[in-house]
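Okay, here's what each chain looks like letter by letter:
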Amino acid sequence: MLVDLDYFYAQCEERRNPAIKDKPVVVCVYSGRTEDSGAVSTANYVARKYGVKSGIPISLAKMKLKDVDAVFLPVDKEFYREVSDKIMEILRSHADRFEQVGIDEAYLDVTQRTKRNYPEAEKLAETIKDDVLIQQKLTCSIGVGPNKLVAKIAADIQKPNGLTLVRPEEVESFLSPLPVRRLVGVGKKTEKKLETLGVRTVGQLARFDVQRLIEVFGRKLGTYFHNASLGIDDEPVQERSEPESVSRISTLKEDTRDLAVILDEAYRLCGNVHARLLNLGLLYRSVSIYLVAGDLSVHSRSKTFENPTSDLETFKKTVKELYEKFLGESDVEARRVGVKVSNLTKKEELQKQITNFFGDSK
Ligand code: DCP
Ligand code: CA
Ligand code: CA
């Protein structure tokens with residue numbers, strides 16, 4: 001399965017403030033140059049009806065929504081990540097194997113728990129959608145198929161709040177009418193090139209001579225396009241290995257050397273990193289602070305403990321110590337501040353080690 005959250009950033013904003021739900025909601029990355037410079041990160045489906053979508057200039061979005069009661073909001077990535085973390089935990093609990101790709105989507109290998117049975121998979125997908133909606137108040141779209149490639153396209157085909165199943169015997173008829181653009185890896189350029197070869201649909205691509213594809217695109221890409229057009233894909237759902245560190249950085253409202261101001265922001269970031277650690281079931285042994293100065297020079301300090309811990313107070317205390325010490329040693333002003341934990345271990349690993357050491361003698 002591929003699970004993709006609907007209009008993710010904008011839906012997070014709607015959840016936070018349901019009053020905006022029926023209006024066009026546009027989440028923006030303001031570049032800060034002039035009031036409206038920057039790009040649209042995403043928009044809810046009400047705004048999309050007016051032609052507002054990811055990547056267009058904010059000024060263009062404002063033009064499209066002229067005389068409409070629309071809501072423009074700045075991105076709040078930390079909030080979205082918090083929501084994402086919680087949802088990913090839900091998704092993970094429903095998978096044999098789990099692979100998160102990006103902030104708002106994940107592949108779930110459900111082969112074993114559904115015994116390759118599509119009605120079972122459909123039930124499971126409904127359960128997942130219900131769980132995410134009830135626990136986190138967000139809708140998602142799910143594609144179910146015999147492999148990652150088909151599942152991804154299936155998830156994209158019906159949005160928002162969609163559920164699309166493509167059984168093995170339906171793959172060909174499902175894919176063949178679609179424009180080649182739907183295939184992962186086919187961008188604007190490739191689309192144009194294929195068009196000059198008379199190939200517009202996935203079905204036409206499937207019938208196109210593979211040797212000629214290889215001549216045009218090279219062996220690797222040519223073979224990939226050929227296989228993809230036939231829905232052939234054997235990429236496993238890959239559990240990502242644990243991260244080496246978890247960090248957060250943020251820009252202060254103004255440059256400062258005021259410890260209280262710096263810590264105020266740093267503690268907030270600590271809380272964020274800590275939540276992420278809990279989610280991942282990780283303990284840390286090292287704490288680092290970052291400081292980007294007004295002249296953009298980067299400074300950092302670290303401290304490593306004897307034993308792994310997940311304690312938030314220790315984390316904050318260490319961050320305070322490190323900033324205090326740093327400000328005592330340097331006369332720079334902080335523009336951005338950050339915190340990081342590293343030397344991570346999995347909680348269960350530690351428990352195993354302890355059990356092995358003392359013997360399982362309860
Ligand atoms: N995003 C972004 N800039 C882009 C594309 C996406 O900042 N050019 C962010 C905002 C999106 C999030 O990534 O909410 C997920 O991207 P998706 O492509 O999955 O798009 P949405 O979730 O917004 O919409 P959809 O309902 O089509 O999945
Ligand atoms: Ca999405
Ligand atoms: Ca996505």
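Q: Can you walk me through the site of ligand 1 in this structure?
A: The environment of ligand 1 is made up of 13 residues, and the closest members are Tyr7, Ser41, Thr42, Tyr45 and Lys159. A distance of 2.7 Å is found between an oxygen atom of ligand 1 and a side-chain nitrogen or oxygen belonging to Ser41. Between an oxygen atom of ligand 1 and a side-chain N or O atom of Tyr45, the distance comes to 2.7 Å. Relative to its unbound accessible area of 550 Å², ligand 1 is 66% covered by the protein chains. The set of elements that each furnish at least two residues to the shell around ligand 1 consists of strand E1 (2-5), helix H1 (8-16), strand E3 (38-43) and helix H2 (45-48). In terms of residue class, the shell around ligand 1 is built from five nonpolar, three polar and five charged.

Q: For this particular structure, what's the right way to read the packing of aromatic side chains?
A: Remark: the centre distance and the inter-plane angle together describe each pair of aromatic rings, the angle taken between the planes. Under the criterion given, the structure shown has eight aromatic pairs. Seen from their ring centres, Tyr9 and Tyr80 are 4.4 Å apart, and the 20° between their planes marks the pair as stacked. Linking Tyr9 in helix H1 with Tyr80 in helix H4 (residues 77-92), this pair joins segments that are 71 residues apart in sequence. Note on accessibility: Tyr9 and Tyr80 belong to one class, buried. When the ring of Tyr224 is compared with that of Phe225, the centres are 5.7 Å apart and the planes differ by 55°; the resulting orientation is tilted. Take Tyr224: its relative accessible area is 31%, and that puts it in the partly exposed class. Among the aromatic residues, those joined into a cluster by ring pairs are Phe8, Tyr9, Phe79 and Tyr80. One cation-aromatic arrangement involves Arg16 over Phe79; the distance from NZ or CZ to the ring centre is 4.0 Å.

Q: Looking at this structure, how should I read the coordination of the calcium ion (ligand 2)?
A: As a benchmark, a tetrahedral metal site with four donors has ideal angles of 109.5 degrees, while an octahedral site with six donors has ideal angles of 90 or 180 degrees. Protein coordination of the calcium ion (ligand 2) is provided by Asp4 (OD), Leu5 (O) and Asp104 (OD), with donor distances spanning 2.2 Å. Considering all six donor atoms around the calcium ion (ligand 2), the spread of angles at the metal, 81 to 167°, places the coordination shape in the octahedral class. Read N to C, the donor residues that coordinate the calcium ion (ligand 2) are spaced as D-L-x98-D.

What counts and how
- Residues numbered from 1 in each chain as written.
- Chains lettered and ligands numbered in written order.
- Predicted model: local features only at pLDDT ≥ 70, side-chain atom pairs only at ≥ 80, totals over all residues.
- Heavy atoms only, no water.
- Near = heavy atom within 4 Å.
- Polar contact = N/O pair within 3.5 Å; in protein donor to acceptor, adjacent residues only side chain to side chain.
- Areas by Shrake-Rupley, 256 points an atom, 1.4 Å probe, with all protein chains shown as cover.
- Helix = DSSP H or I, 4+ residues; strand = E, 2+ residues; numbered from the N terminus.
- Nonpolar A, V, L, I, M, F, W, Y, C, P; charged D, E, K, R; others polar.
- Phe/Tyr/Trp six-rings, centres within 6.5 Å; stacked < 30°, edge-to-face > 60°.
- Buried < 20%, exposed > 50% of the residue type's maximum accessible area, 1.4 Å probe, protein only.
- Lys NZ or Arg CZ within 6 Å of the ring centre and 35° of its normal.
- Donors = N, O, S within 2.8 Å, 3.2 Å for Na, K, Ca; no water.
- Tetrahedral: all angles 85-135°; square planar, octahedral: opposite > 155°, others 65-115°.

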